[in-house]
Amino acid sequence: MREASIVRNTSETRIEMRLNLDGGGKYSVETGCGFLNHMLELFARHGRFDLEVKCEGDMRVDAHHTAEDVGIVLGRCFSEALSDRAGICRYGFFVLPMDEALLLTAVDISGRDCLVYDTNIPAEKVGDFDTELVKEFLLAFSRNLGAAVHVRQLSGENSHHIIEGIFKSLGRSLKTAVSIEKGYENEIPSTKGVI
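Residues numbered from 1 in each chain as written. Predicted model: local features only at pLDDT ≥ 70, side-chain atom pairs only at ≥ 80, totals over all residues. Heavy atoms only, no water.

A. Region of interest: the sheet that holds strand E10 (residues 148-155). Taken together, the four strands give an open sheet; going across it, the order is E5-E6-E10-E7, and neighbouring strands pair in mixed fashion. Only two strands of the sheet have a single partner each, and these edge strands are strand E5 (91-98) and strand E7 (114-118). In this sheet, adjacent strand axes meet at a mean angle of 10° when their direction is disregarded. As paired elements, strand E6 (residues 101-108) and E10 share seven bridges and run antiparallel to each other. (Pairing = 2+ DSSP bridges. Helix = DSSP H or I, 4+ residues; strand = E, 2+ residues; numbered from the N terminus. Axes fitted to C-alpha atoms, helices over the stretch in contact; angles between N-to-C directions.)

B. Quick look at the packing of aromatic side chains. Summed over all chains, the structure comprises seven aromatic pairs. Where Phe35 meets Phe129, the ring centres are 5.2 Å apart and the plane angle is 40°; that geometry is what we call tilted. Of this pair, Phe35 sits in helix H1 (residues 34-47) while Phe129 is found in strand E9 (residues 129-130), placing the two residues 94 residues apart along the sequence. With respect to burial, Phe35 and Phe129 carry one shared label: buried. Their ring planes at 0° and their centres at 6.5 Å tell us that Phe137 and Phe141 sit as a pair that is stacked. (Phe/Tyr/Trp six-rings, centres within 6.5 Å; stacked < 30°, edge-to-face > 60°. Buried < 20%, exposed > 50% of the residue type's maximum accessible area, 1.4 Å probe, protein only.)

C. Representation of the nonpolar core in the model. Grouped together as the largest cluster of nonpolar side chains are 58 residues, with contacts concentrated most on Met17, Leu74, Phe78, Ile109, Leu138 and Leu174. Apart from the residues within four sequence positions on either side, Leu74 is in contact with Met17, Leu40, Phe43, Leu51, Phe137 and Phe141. (Core = buried A, V, L, I, M, F, W, Y, C linked by side-chain atoms within 4.5 Å. Contact = heavy atoms within 4.5 Å.)

D. Here's a closer look at unusual backbone geometry. Within the chain, Arg85 stands out as a residue other than glycine whose phi angle is a positive 75°. You can see Arg85 is positioned in the loop between helix H2 (64-82) and E5. A relative accessible area of 7% places Arg85 in the buried class. Despite not being glycine, Asp99 has its phi angle at roughly 55°, a positive value. In this structure, Asp99 sits in the loop between E5 and E6. Note on Asp99: relative accessible area 60%, which makes it exposed.

E. Expanded view of the sheet that holds strand E4 (residues 50-57). Judged by pairing direction, the sheet is mixed, and its four strands sit side by side in the order E1-E2-E4-E3 without closing on themselves. Where the open sheet ends on each side, the last strands, each with one partner, are strand E1 (3-9) and strand E3 (27-30). The mean inter-strand angle of the sheet, taken between neighbouring strand axes irrespective of direction, is 5°. Pairing between strand E2 (residues 13-20) and E4: eight bridges, direction antiparallel. Paired with Glu16 across the two strands is Lys54, which belongs to E4. Helix-sheet contacts for H1 involve E3 and E4, and the interaxial angle to E3 is about 160°. Here H2 sits on the sheet in contact with E1, E2 and E4, set at roughly 145° to E1.

Scope: geometric values only; no functional claims are made or implied.
Structure below.
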């Protein structure tokens, strides 16, 4: 079973998370931020990951620490569930239309973190969520997974649609990247022999 369960407590957030990479897209998410909940639910459903998240953060300040720390723990859960990365496809990409918005994400689970984030989200907020926190979440996630994550907005005017497209597309990209390549289940997908 490719699963992970992590508890992380700081002075800013308290997070409990469970992840099953081979699930069916079931989720239970409570971060204290409705928009972030919605994005994580979409991510889990479209990636077909089972995801449970409980986060108590300093939302009296804003959602910054919550978004960043949830990204940290999600990246660590993926890393732990993938273990030595044996058999995974390693790469994944997806182009996703969300009404007028078109988003491309690509992932390489290489052991090296990198985020390339090319978006133009017009609004500063969606509800009470600062849209700049999407990048903070993705930075934390890529660093803690050890993956190159590319996000490119090809079109889009509605901020909600753009962000929703990012999370759905990322879920689909990761679904491919973490899938087991038939016939190569015990092979590390690198000429180095290790990731």
